[in-house]
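Coordinate analysis (summary)
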Amino acid sequence: MSIFEYNGSALVAMVGKNCFAIASDRRLGVQLQTIATDFQRISKIHDKLFIGLSGLATDAQTLYQRLVFRHKLYQLREERDMKPETFASLVSALLYEKRFGPYFCQPVIAGLGDEDKPFICTMDAIGAKELAKDFVVAGTASESLYGACESMFKLDMEPEELFETISQALLSSVDRDCLSGWGGHVYLV
């Protein structure tokens, strides 16, 4: 079993018409044993930017603390919030500088940029970005999430339809993965 699968996770982000949604499961486990059913994988950086961290839970919490610290320094220096593209580059650089002893995390970043243009991306453990115009997935349920999202996704969905689509994709996918589940958290911006 890979260290990325130790705690289990399911993360997905989708874009709609001037909006985005990011969702995750709620299970925290140690291999097949469930430890908690209310674990938060998605964190708010600011009002228009969210990050989800799948992988090893302890590394995810450490990485999140370092990212909040870096974002606060940026706010003090620039007197504004980070754009999603800038934040993705920050996360990528932070992961790459630890490439010889990496954080065992796969980040999913979702945000609204200039003129409310949605931005989503995911990365591997050493910060290689994967940008997308429709949806990105991460975690142990990623294979089933790809299938569900491919079949359910449509371009330019309104917020209500986007919420329903991402919720159904997440719930149908975690049913096919024993390392994730127990419902989900969905954030729609």
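Residues numbered from 1 in each chain as written. Predicted model: local features only at pLDDT ≥ 70, side-chain atom pairs only at ≥ 80, totals over all residues. Heavy atoms only, no water.

In the annotation of an unreviewed UniProt entry, the protein is listed under the name Proteasome subunit beta and assigned to Sphenostylis stenocarpa.

Attention shifts here to the overall build of the protein. For the protein, the helix and strand inventory stands at four helices and eleven strands. Taking 16 Å as the expected radius of gyration for a compact globule of 189 residues, we find that the protein reaches 16 Å, a close match to that expectation. Along the first, second and third principal axes, the C-alpha set of the protein runs to 45 × 40 × 25 Å. Taken across its 189 residues, the protein has 50% of its residues classed as buried. Looking at the protein alone, contacts between residues at least 24 apart form 64% of all its contacts between residues at least 6 apart. (Helix = DSSP H or I, 4+ residues; strand = E, 2+ residues; numbered from the N terminus. Rg over C-alpha atoms; globule rule 2.2 N^0.38 Å. Buried < 20%, exposed > 50% of the residue type's maximum accessible area, 1.4 Å probe, protein only. Contact = heavy atoms within 4.5 Å.)

Okay, the pattern of salt bridges next. Evaluation of the coordinates by the stated rule reveals eight salt bridges. Residue Arg66 pairs with Glu97 through a salt bridge whose shortest N-O separation is 3.4 Å. One end of the pair, Arg66, is in helix 1 (residues 57-78); the other, Glu97, is in helix 2 (residues 84-97), with 31 residues separating them in the sequence. Look at Arg66 and you get partly exposed, because its relative accessible area is 26%. Note that Lys154 and Glu161 form a salt bridge whose closest N and O atoms lie 2.5 Å from each other. The class for Glu161 is partly exposed, based on a relative accessible area of 32%. One network of salt bridges, with partners in common, ties together Arg66, Arg70 and Glu97. (Salt bridge = Lys/Arg side-chain N within 4 Å of Asp/Glu carboxyl O.)

Here the focus is the nonpolar core. Nonpolar side chains in soluble globular proteins tend to end up buried together. Within the largest apolar cluster, 32 residues are counted, with the highest numbers of intra-cluster contacts made by Val12, Met14 and Ile22. Of all the secondary-structure elements, those providing two or more residues to this core are strand 1 (10-15), strand 2 (20-25), strand 7 (105-112), strand 10 (135-139), helix 3 (142-152) and helix 4 (159-174). For this core, the element with the most residues is strand 1, which contributes six residues. Those residues in contact with Ile22 that sit more than four places away from it in its chain are Val12, Ala13, Ile42, Phe50, Ile51, Gly52, Val108, Ala110, Ile166, His185, Val186 and Tyr187. By size, the runner-up hydrophobic cluster in this structure holds 21 residues, among which are Leu53, Met82, Tyr103 and Phe119. (Core = buried A, V, L, I, M, F, W, Y, C linked by side-chain atoms within 4.5 Å.)

Here we take up the environment of Leu11. Tracing the backbone through its elements, the reader meets Leu11 in strand 1. You can call Leu11 buried: its relative accessible area is 0%. When residues no more than four places from it in sequence are discounted, the contact partners of Leu11 are Ala23, Ser24, Ile42, Gly52, Leu53, Ser54, Gln106, Val108, Val136, Val137, Ala138 and Leu145.

This part takes up the sheet that holds strand 2. Within the open sheet, the four strands sit side by side as 10-1-2-11. Their pairing is antiparallel. Of all strands in the sheet, those bounded by a partner on one side alone are strand 10 and strand 11 (184-188). With direction set aside, neighbouring strand axes in the sheet form an average angle of 10 degrees. As paired elements, strand 1 and strand 2 share five bridges and run antiparallel to each other. (Pairing = 2+ DSSP bridges. Axes fitted to C-alpha atoms, helices over the stretch in contact; angles between N-to-C directions.)

Together, Phe69, Leu73 and Leu76 give the surface a local cluster of nonpolar side chains, amounting to about 330 Å² of exposed area. Position of Phe69 relative to the elements: it lies in helix 1. (Patch = residues over 30% accessible without salt bridge, like charges linked within 9 Å, V, L, I, M, F, W, Y side chains within 5 Å. Areas by Shrake-Rupley, 256 points an atom, 1.4 Å probe, with all protein chains shown as cover.)

Judged by how many residues are buried, strand 10 sits mostly within the fold: five of five residues are covered. Every second residue of strand 10 is oriented toward a common face, with Phe135, Val137 and Gly139 on one face and Val136 and Ala138 on the other, all of them buried. Taken together, the five bridges between strand 1 and strand 10 define a ladder with antiparallel strand orientation. Along strand 10, the bridge assignment pairs Leu11 with Ala138.

What follows covers the sheet that holds strand 5 (residues 42-46). Strand order across the open sheet formed by five strands is 5-6-7-8-9, with antiparallel pairing between neighbours. On the outer flanks of this sheet lie strand 5 and strand 9 (129-132), each paired with one strand and no other. Ignoring strand direction, the axes of neighbouring strands in this sheet form an average angle of 20 degrees. Pairing analysis gives four bridges linking strand 5 to strand 6 (residues 49-55), with the strands arranged antiparallel. Directly across from Ser43, in strand 6, lies its bridge partner Ile51. In this fold helix 1 packs onto strand 5, strand 6 and strand 7, with an angle of close to 155 degrees to the strand it touches most, strand 6. Together, strand 5, strand 6, strand 7, strand 8 (118-123) and strand 9 form the strand contacts of helix 2, whose direction differs from that of strand 8 by roughly 10 degrees.

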